[in-house]
Amino acid sequence: MGLSAVTVLGTDRPGVIAEVAGSLADCGVNIQDSTMTLLGGHVAMMLLVAGDLSAEQLRERMQVGELVVTAAAVEGRRDPCGAGTGLGYVLTLHGPDRPGIISSVSRVLASVGGNITGMSTTLSGRLYVLIADVDLPASVDVADLMRRLAVVGAGLGSEITFRPCESDLL
Amino acid sequence: MSGVPRDVLGAPHPVLSASAEPVDPTDPFVVSAAADLLATLREAGMLTGLAAPQVGLSWRLIAFDAGRHPRSRSSAGALALVNPRLAEASHWRVGREGCLSVRGLFAEVPRAAQITVCGQLPGSGEPVTIEADAFEARCIQHQLDHLDGVLFLDRVSGARALHHRSHSCYA
């Protein structure tokens with residue numbers, strides 16, 4: 001049984017998810033991980049599915065009307081805890097929209113080995129908002145990182161906050 | 001004093017990112033601004049709280065009326081507070097909130113569900129202490145953040161906690 005990464009893009013309307021999930025079920029595959037959101041009113045789905053069909057066969061057999069489907073083989077599941085050496089943080093940026101915001105912020109995080117594990121950006125009127133879940137290696141000088149992020153934020157005319165993510169195991 | 005509804009600033013705006021200054025609660029301009037905040041609240045339908053920076057005044061002045069919200073428990077009524085200060089906070093909860101200065105976006109934000117806030121009444125300058133819980137506590141903390149140049153976006157609990165639409169009230 002192989003794993004495939006499937007993406008579905010198209011105009012949002014009631015019944016899209018039912019159509020995609022039904023088509024995958026007809027193909028005999030099981031949806032493992034999935035996420036769906038709206039990007040500017042367009043539905044965007046990403047799914048990790050397991051079944052006997054190859055990615056190419058899935059792409060050919062899925063019956064989802066006008067939706068754009070891609071599928072690619074994935075080697076196997078990776079344990080998200082396997083690389084979990086670090087500490088969780090949430091980064092928030094808000095300010096005027098301009099090109100290069102994500103690249104500027106992500107470059108600073110990457111320079112210290114930070115890993116963005118989730119990200120959401122949106123433009124609402126003139127306000128651009130970026131929220132990112134970040135894993136940092138325990139060895140990172142967080143105070144220094146925050147100073148560098150503040151400099152980047154000032155250069156973008158934006159406010160950046162960077163704070164620990166509180167995930168208590170009870 | 002009846003007050004006059006004012007236009008509410010939208011982010012990004014420098015006043016919304018600045019730390020507000022303490023003010024004299026007996027200053028007639030402050031008294032007038034407090035009345036204007038309450039008038040803006042009354043006129044704005046779903047709005048339950050407002051801070052002076054949202055109308056372009058970098059002053060430590062807030063107004064709220066949580067009694068209009070269906071999820072409120074405590075309610076001090078329609079009230080303006082000058083130089084408010086959070087004295088105690090406990091019982092943290094995550095709830096969804098929005099802001100008239102950040103239109104169209106809502107997010108899950110952790111806030112204390114029981115708080116004690118100290119401040120002064122506009123006009124007399126009389127010190128007051130407010131015990132608030134549930135929605136009123138959330139609303140007051142949201143306004144206090146505005147006085148420190150902090151938006152609810154700065155307290156979002158994670159990348160998946162930001163939403164475009166909600167049935168929540170504007171805090």
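As annotated in an unreviewed UniProt entry, chain B carries the name Peptide deformylase-like and comes from Nonomuraea dietziae. For the record of chain B, the UniProt heading Sequence similarities (unreviewed entry) holds the text "Belongs to the polypeptide deformylase family."

An unreviewed UniProt entry lists chain A under the name Glycine cleavage system transcriptional repressor, with Nonomuraea dietziae given as the organism.

(A) Up close: the overall build of chain A. Regarding its fold elements, chain A presents four helices and eight strands. Starting at the N terminus and ending at the C terminus, chain A contains elements arranged as β-α-β-β-α-β-β-α-β-β-α-β. Across its three principal axes, chain A shows a C-alpha extent of roughly 50 × 40 × 30 Å. For chain A, with 170 residues in total, the buried portion stands at 23%. Considering only intrachain contacts with a sequence separation of at least 6, the fraction spanning at least 24 residues in chain A is 67%.

(B) Summary view of the sheet that holds strand β3 (residues 42–51) of chain A. All names here are of chain A. Read across the open sheet, the four strands follow the order β2-β3-β1-β4; overall the sheet is antiparallel. The open sheet has two edge strands, β2 (30–39) and β4 (68–74), and neither has a second partner. Shown here is a sheet whose adjacent strand axes are inclined to one another by a mean of 15 degrees, direction ignored.

(C) Molecular detail of the sheet that holds strand β5 (residues 87–96) of chain A. All names here are of chain A. Strand order in the open sheet formed by four strands is β6-β7-β5-β8, with antiparallel pairing between adjacent strands. Edge positions in the sheet fall to β6 (115–124) and β8 (159–164), since each has one partner strand and no second. This sheet shows a mean twist of 10 degrees between the axes of neighbouring strands, independent of strand direction. Examined bridge by bridge, β5 and strand β7 (residues 127–136) share 10 bridges and lie antiparallel to one another. For H94, the partnering residue across the bridge sits in β7 and is V129.

(D) Structural view of the UniProt feature "binding site: Fe cation" (unreviewed entry) in chain B. Residues and elements named next belong to chain B. As annotated by UniProt and renumbered to match this structure, "binding site: Fe cation" (unreviewed entry) occupies C99, H142 and H146. Taking the farthest pair of C-alpha atoms as the criterion, the annotated set spanning 48 residues converges on one region, since that pair is 10.3 Å apart. For C99, the position within the fold is in strand β3 (residues 79–99). Mapping H146 onto the fold places it in helix α2 (residues 134–147). On the basis of neighbour count, H146 is assigned to the buried category, with 24 C-beta atoms found within 10 Å. H146 has contacts with A51, P53 and Q54, leaving out every residue within four places of it along the chain.

(E) Seen up close, the environment of B:A159. Counting through the fold element by element, B:A159 comes out in the loop between α2 and β6 (162–163). Residue classification places B:A159 among the buried positions, given that 20 C-beta atoms sit within 10 Å. For the pair formed by B:A159 and B:A107, sequence separation is 52 residues and the distance between their alpha carbons is 9.7 Å. Leaving out residues up to four positions away in the same chain, B:A159 has contacts with A:G118, A:M119, A:S120, A:I131, A:A132 and A:D133.

Cut-off values and rules
- Counting restarts for each chain: residues are numbered from 1 in the order of the written sequence.
- Lettering for chains starts from A, numbering for ligands starts from 1, and both go in the order in which the items are written.
- Per-residue local features of the predicted model are confined to residues with pLDDT of at least 70, and side-chain atom pairs are confined, for both listing and counting, to 80 or more; whole-chain, interface and lining totals are unaffected and use all residues.
- UniProt positions are given in the numbering used here, feature names are shortened, and annotations may be inferred rather than shown by experiment.
- To qualify as a helix, a DSSP run of H or I must reach at least 4 residues; to qualify as a strand, a run of E must reach at least 2; elements of each kind are numbered from the N terminus.
- Three exposure classes are used, all based on how many other C-beta atoms lie within 10 Å of a residue's own C-beta (placed from the backbone): buried at 20 or more, exposed at 12 or fewer, and partly exposed between those limits.
- A residue pair is marked as a contact if its C-beta atoms, positioned from the backbone, fall within 7 Å.
- Note on pairing: DSSP must find at least two bridges between two strands before they are called paired.
- Lines fitted to the C-alpha atoms define the axes, with helices restricted to the stretch that makes contact. Angles between their N-to-C directions range from 0 to 180 degrees.

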